[in-house]
Amino acid sequence: MHSKQRLIEQRLKRVLTERIRPAVYGRTVPLRVGVWNAPGEPVPVAEGLAAPYRPVSVGHRWGPAWSTSWFEITGKVPEEWAGQRVEAVLDLGFNVTGAGFSSEGLVYRADGNVVKAINPRNAWLPIAGPAAGGEEFTYYIEAAANPALCDSHTPTTLGSKPSWTTGSGQSGETLYQLLRLDLAVFDTQVWELAQDLDVLGELMHQLSEAEPRRWQLLQTIERALDAVDLQDVSGSAAAAREVLRPSLLTPAAPSAHRISAVGHAHIDTAWLWPLRETVRKVARTVSNVTQLMDEHPEFRFAMSQAQQLAWLKDKRPEVYARVQEKAKSGQFLPVGSLWVEPDTNITGGEALARQLIHGKRFYLDEFGTETQEMWLPDTFGYNAAMPQLMKLAGVRWFLTQKISWNTTNKFPHHTFRWEGIDGTRIFSHFPPVDTYNAEITGAELAHAVANFQDKGAANSSLLPFGYGDGGGGPTREMLARAARLADLEGSPRVVIEPPADFFTRAEAEYPEAPVWAGELYLEFHRGTLTSQLRTKQGNRRSEHLLREAELWSATATVRAGFSYPYEALDRLWKTVLLHQFHDILPGSSIAWVHREAEQTYAEVLDELHGIVYTAQRALAGGGEKTVVFNASPYDRSGIPAFGAAIRPALADPAVAPVACGDGFVLDNGLVRIEIDARGLVTSAIDLAAGREAIAPGAAANLLQLHQDFPNEYDAWDIDEFYRNTVHDLTEAETVTAAPGGVRIVRLFGDSRIEQLLSLRVGSRRLDIDTEIDWHEKEKLLKAAFPLDLRADHSSAEIPFGHVKRPTHTNTSWDAAKFEICAHRYLHVGENDWGAALVNDSTYGHEVTRDVRPDGGTTTTVRLTLLRAPRFPDPDADQGHHRLRCGLVIGADIADAVREGYHLNLPDQAIPGSVAVKPLVGADDDAVVIEAVKLADDRSGDVVVRLYEAHGGRAQATLTTGFPLETAVATDLLERPLAGPDHTPAVWAGDRRVELTLRPFQILTLRLRVAADE
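Definitions and cut-offs
- Residues numbered from 1 in each chain as written.
- Predicted model: local features only at pLDDT ≥ 70, side-chain atom pairs only at ≥ 80, totals over all residues.
- Heavy atoms only, no water.
- Helix = DSSP H or I, 4+ residues; strand = E, 2+ residues; numbered from the N terminus.
- Rg over C-alpha atoms; globule rule 2.2 N^0.38 Å.
- Buried < 20%, exposed > 50% of the residue type's maximum accessible area, 1.4 Å probe, protein only.
- Contact = heavy atoms within 4.5 Å.
- Lys, Arg positive; Asp, Glu negative; His and termini not counted.
- Charge placed at Lys NZ, Arg CZ, Asp CG, Glu CD.
- Expected span 1.5 Å × (residues − 1).
- Pairing = 2+ DSSP bridges.
- Axes fitted to C-alpha atoms, helices over the stretch in contact; angles between N-to-C directions.
- Phe/Tyr/Trp six-rings, centres within 6.5 Å; stacked < 30°, edge-to-face > 60°.
- Polar contact = N/O pair within 3.5 Å; in protein donor to acceptor, adjacent residues only side chain to side chain.

Peer 1: Explain the overall build of the protein to me, and be specific about the residues and the numbers.
Peer 2: Counting secondary structure elements, the protein contains 18 helices and 53 strands. The C-alpha radius of gyration of the protein comes to 31 Å, within 12% of the 31 Å expected for a compact globule of 1013 residues. Each principal axis of the C-alpha distribution contributes one length, and for the protein these read about 95 × 65 × 60 Å. Sorting the 1013 residues of the protein into buried and exposed places 63% on the buried side. Contacts in the protein between residues at least 24 apart in sequence constitute 75% of all its contacts with a sequence separation of at least 6. Averaging the coordinates of the 101 positive side-chain charges in the protein and doing the same for the 133 negative ones gives two points 2 Å apart.

Peer 1: Can you explain helix α15 (residues 566-578)? Please cite residues and give values.
Peer 2: Counted at 1.5 Å a residue, the expected span for α15 with its 13 residues is 18 Å, and the 18 Å between its end C-alpha atoms agrees. Looking at α15, one finds that the buried residues are Tyr566, Ala568, Leu569, Leu572, Trp573, Val576, Leu577 and Leu578. Close packing links the buried residues of α15 with α6 (275-295), α7 (306-315), α9 (349-367), α14 (533-560), α16 (591-620) and β47 (927-934).

Peer 1: Just give me the short version of the side chain of Ser461, but keep the residues and values in it.
Peer 2: Residue placement: Ser461 occurs in strand β20 (residues 460-465). Take Ser461: its relative accessible area is 1%, and that puts it in the buried class. Those residues in contact with Ser461 that sit more than four places away from it in its chain are His257, Arg258, Ile259, Ser260, His429, Pro432, Phe452 and Phe502.

Peer 1: Pulling in residues and values, what's your account of the sheet that holds strand β23 (residues 625-630)?
Peer 2: On the basis of which strands lie adjacent, the open sheet formed by three strands has the order β24-β23-β45 and antiparallel pairing. Of all strands in the sheet, those bounded by a partner on one side alone are β24 (643-646) and β45 (908-912). For this sheet the average axis-to-axis angle between neighbouring strands, irrespective of direction, equals 30°. Of the strand pairs in this sheet, β23 and β24 are connected by four bridges, and their pairing is antiparallel. Within the sheet, the bridge partner assigned to Val628 lies in β24 and is Ala645. Taken strand by strand, α16 contacts β23 and β45, and its axis lies near 45° from that of β45.

Peer 1: I'd like a rundown of the packing of aromatic side chains, residues and numbers included.
Peer 2: Within this structure, the stated rule accounts for 39 aromatic pairs. Look at Phe524 and Tyr713: their rings are 5.8 Å apart centre to centre, the planes differ by 80°, and that puts the pair in the edge-to-face class. In this pair, Phe524 is assigned in the loop between β22 (515-517) and α14 and Tyr713 in the loop between β30 (702-707) and β31 (727-728), connecting sequence segments 189 residues apart. You can call Tyr713 buried: its relative accessible area is 18%. Here Phe800 and Tyr947 contribute two aromatic rings whose centre-to-centre distance is 5.3 Å and whose plane-to-plane angle is 90°, an arrangement assigned as edge-to-face. Taken together, the residues span a long stretch of sequence, with Phe800 in the loop between β37 (793-798) and β38 (801-806) and Tyr947 in strand β48 (residues 942-948) at a distance of 147 residues. Ring pairs connect the aromatic residues Phe101, Trp271, Trp273, Trp405, Phe524, Tyr713, Trp716 and Phe871, which therefore count as one cluster.

Peer 1: Pulling in residues and values, what's your account of the environment of Arg121?
Peer 2: On the secondary structure map, Arg121 appears in the loop between β8 (114-118) and β9 (124-128). Along the primary structure Arg121 and Gly100 are separated by 21 residues, whereas in three dimensions their C-alpha atoms are 8.9 Å apart. Among the polar contacts made by the side chain of Arg121, one reaches the side chain of Tyr467 at a distance of 3.4 Å.

Peer 1: So what's going on with the pairing of strand β43 (residues 857-867)? Residues and values would help.
Peer 2: Where burial is concerned, most of β43 is hidden: eleven out of the eleven residues are buried. Note: strand β36 (residues 779-788) against β43, nine bridges, orientation antiparallel. Following the sheet pairing, Lys782 is matched in β43 by Thr864. Taken together, the seven bridges between strand β42 (residues 844-851) and β43 define a ladder with antiparallel strand orientation. Considered in β43, the bridge of Val851 is made with Thr857.

See below:
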């Protein structure tokens, strides 16, 4: 027999595309349409419904970028269609790139109730089914003209907020054109035939040519196509389906892989659209999935970001009511445990705790649901403190997909236990389908099975399905595929079920799952540690000022009857948490998002400064003396940690520079710094140790400029070849003595840098205060510190601890970490001596090691200060910046931790007359108090969160500055902990709490204030 394989495959493709699918809507009549263009930003629904509409027709052009047009569609169901399912087929000029990357619309009835959304992959609207002949109807479409910015990664100004959004009316080039507005009979039998052929055809393509099943399906499909009358597809569809039916009923092999399909719609809280558009994307997506649930009781949909549901509750209560209805029926599944899906590289430790606290609490309050999974499919790497934070929030399972984007090394597991820096392990899963926007295609399922790394020991994986990133969610076609693939020979078994069902079964199936210890480093998107510096600075400063606002407000409430600002702090925390979303904080969103974020951070910081000042005034009392507050967890200049002292004179003044040759010397008796005529640090001597920090012949604070043009994702990536070209900025316009230190001015390209190098009395930290007027394009600016020491590893701060990374490149895993994340400090050292770089807003770092001809080793630490990517924001990071860093000479880890806090939490002086004793304190420097606040339940209890910061065991005494009734260890949600897996209740008495902590352990204590001694 001669093979007709290719001929039949080509025939199937053409008949499906050109005959069967078009025949789903074989009978159509046109709809009437009118338009009203909303001026400025989106208007309330009532205003859109009441607007004056003018008639237009198919071909009408609409939509300058980011505008909203309302369409009124009217029609009448023909009498002869009575008893049949009737739908409107609507094409607003859809771009085929994806569901949420083009124009989108939300459809309303005349009474304002939502029907469903339409997008390029879901363009139908139910009108009646079964229809009553002669029925007239009117619907309204709120259509968003969002530009399709994902089509190419070339620089564009479409990502900026249009000037007309203030309400002056739409302007600009129209993006879209009405292409189809029809009323049609939905032919169910033809549609089902299309799904049958789609599933069997894709399955056939994925089977090996050595498999008999492939050839059997090929013959069956040919016979089914023979049964289709191309001039009467509707009349012959049933017969063709009957030919296919036996092939669809053949069960899967007993050993078939089991795939848990979870309905999903990853909605980026901001990215190629502003926050306000995300609110509408959420409403559109949720409207679609709840409508789909009405027709498909088996459908389950997981939604992961509490913030998005909170928006619905606040702004679209009628859509939120549908969410609650479907949650009660078990179809709508709140998951994820987080306020948003945050970046977990840059977000601070306390902020990550609040992500969990606010996320979990929202789900508990609104749905009575204790979420058990961390759902982070699209975040750009995961810090090694996350397992402990998850466990402390009651999270059992972790899901992500992004590590499959690694460009160098394939992650060795899909199901495993993730071990954090403290030893906590969390059962984790990467869907082997390698996408969080699956469509349940044959190719996806075959890839999931072939790709699954844990075959033999395990046989289950999860598949999130539904259009995402821009939203959209699952479609009825996806559900049809799932139904046919539930038990089908040649395919894995597909079952739609909640994530919790998958994780429970997978954990029982694989009790000895392998362990991955340490961070989950993404070998991609390394540039997100640096892009959009102002956004990162806004976050860093907001995190620290929130800490201060809570600390001083709690202290003032306990001590001075201050009114604790619960509502304001709750609102401000949620605002900061929102902007930690994994396309805002990493700097990978359009200009509109980042300019808006900068304004929001300014408002947040202004309000927080007001709260801090008001609380401090309540504590400092009246008078004209100077009261200096220290929010650092370490004593400083005679001011206790978390307390305030009356300062008689300026503390720790900067030493005056002394001219030396062509340069200057800064010497405070602890360290001696030499700065040459180029403004470079050529010597930094630890006078007590007699140790030179700077490598021979090298210079520190060397600014270096690189070409930065990654292969694909501008704002996201730094590709390793950037190192191939470098320009050292060694020429200085001026190097002069100035009040407080040595001032250096450099000009290069179109940019200007001014630095002040200073050294304070009693300090081993050389401070570098840098102001940059940055106007480069596709350039990368680094600051290099070549140190004369041999470090086998670097220690970089992450949330609630630090992580050690090799400085060598022995393996491809080591070599791939050429750009790494550090928070406030990065330390390198030998056994008995080291140095640290601390910073106030830099996250991207690099550590390299070279052996010199003299046999010594130079370990070079470089801070990545600025980038200048051109997509998605062509003006990213242009303009003025100020950032600070410091070189701590002769530092161990304890010094690095302390100096990192000191740099980020400067003291604050206000008029007053009263010194302030700390509300709480710990007697071991390794035990860091991260947060002091009042309990969220407004009981008046003081909540203290602390952790072991040095990486060793610690025994410490926590003392309180108030009479203590009880002290209880709690989870992150301030609920008492119990059971053998948790720290036992601590002893309290005489204002003392005795603590024993394992390395990097996080402990939350709830302290009851006694009525009296």
